[in-house]
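Below are the chains, spelled out letter by letter.
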Amino acid sequence: MNSTSGFIYNVLEWITRFAYVNLLWILFTLLGGVLLGFYPATIAMFAVCRDWLRGDTGKPVFPAFWQYYRRDFVKSNLLGLFVTAIAAFIALDIFYIQTSSEDLSWTYIPLFAFMLLFAMYLFYLFPTFVHFDIKVGQVIKNAFLIMLINPINTLLIFICLGSIAVIMQTVPALAVIFGGSTFAYIIMWLALRSFNRVNKTGAELEN
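Everything quoted here is computed from the prediction, not taken from an experiment. (Residues numbered from 1 in each chain as written. Predicted model: local features only at pLDDT ≥ 70, side-chain atom pairs only at ≥ 80, totals over all residues. Heavy atoms only, no water.)

S.K.: Tell me about the pattern of salt bridges, and name the residues and values.
M.R.: As enumerated under the stated definition, the model contains 4 salt bridges in all. Among the salt bridges present, the one from Arg 17 reaches Glu 13, with a minimum N-O distance of 3.2 Å. Highlighted residues: Arg 17 and Glu 13, both in helix H1 (residues 3-31), separated by 4 residues, approximately one helical turn. Residue class for Glu 13 comes out partly exposed when judged on its relative accessible area of 28%. (Salt bridge = Lys/Arg side-chain N within 4 Å of Asp/Glu carboxyl O. Helix = DSSP H or I, 4+ residues; strand = E, 2+ residues; numbered from the N terminus. Buried < 20%, exposed > 50% of the residue type's maximum accessible area, 1.4 Å probe, protein only.)

Listed below in structure tokens is the structure:
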């Protein structure tokens, strides 16, 4: 196999991997009835991406995905309760502002700022869950600390995800086939950089 053929083979192999993980993410979300399946499937997807980024690409995808899904089913749903509660709070605020007879336009800016902060926080929440063997409460605290000390990486995540989102908006089929896994891979890649920076700076995380 010449270099060109080898390159094409590698590209096709990675395309297949991303599509397969994305498909597993969707199927296992449905397997858990969406509400109970979304967070374990998302955690499993991030864990598989973490394996790839750490050089462990030889592990079969399905057994690895199923292992992470089953192992972290309860723990990831506990984390999901926290995330869902905040998302519900934001949704209720938006609903109240839109339906209120009072002029609450002054609340738009602080609410938008909170939503932006929450989005940045989520960039580190799932990677922290899969990277550190700690309790859910510690995941919640450490993810927030890591977000605070890595503003440049957070900006890079926004730029990368925004660029990918524009491409997928142009070709919606790409979002269906690769959306979840591509976003998870990029977030996990940059989150690992943040974790390494935390280790180098000697910042203390809760264990």
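S.K.: Provide a residue-level description of the environment of Met 188, including the pertinent values.
M.R.: Residue position: Met 188 is located in helix H8 (residues 172-201). With relative accessibility at 0%, the residue Met 188 sits in the buried group. Considering only alpha carbons, one finds Met 188 and Arg 50, 138 residues apart in sequence, at a separation of 6.4 Å. Setting aside chain neighbours within four positions, we find Met 188 in contact with Phe 46, Cys 49, Arg 50, Leu 53, Pro 127, Val 130 and Phe 195. (Contact = heavy atoms within 4.5 Å.)

S.K.: Give me the layout of surface pockets: which residues, what numbers.
M.R.: Looking at the largest pocket, its volume works out to about 270 Å³. Lining the largest pocket are 15 residues, with Thr 42, Phe 46, Leu 122, Phe 126 and Ile 187 positioned closest to its centre. Of all the elements in the fold, those that place two or more residues in the lining of the largest pocket are helix H2 (38-53), helix H5 (108-131) and H8. When residues in the lining of the largest pocket are grouped by element, the largest group, 5 residues, is from H2. Split by residue class, the lining of the largest pocket holds 13 nonpolar, 2 polar and no charged. (1 Å grid on protein atoms, 1.4 Å probe; cavity = no way out; pocket = protein on both sides within 12 Å on 5 of 7 lines; lining within 4 Å. Points joined across faces, edges and corners; volume = space filled by probe spheres on them. Nonpolar A, V, L, I, M, F, W, Y, C, P; charged D, E, K, R; others polar.)

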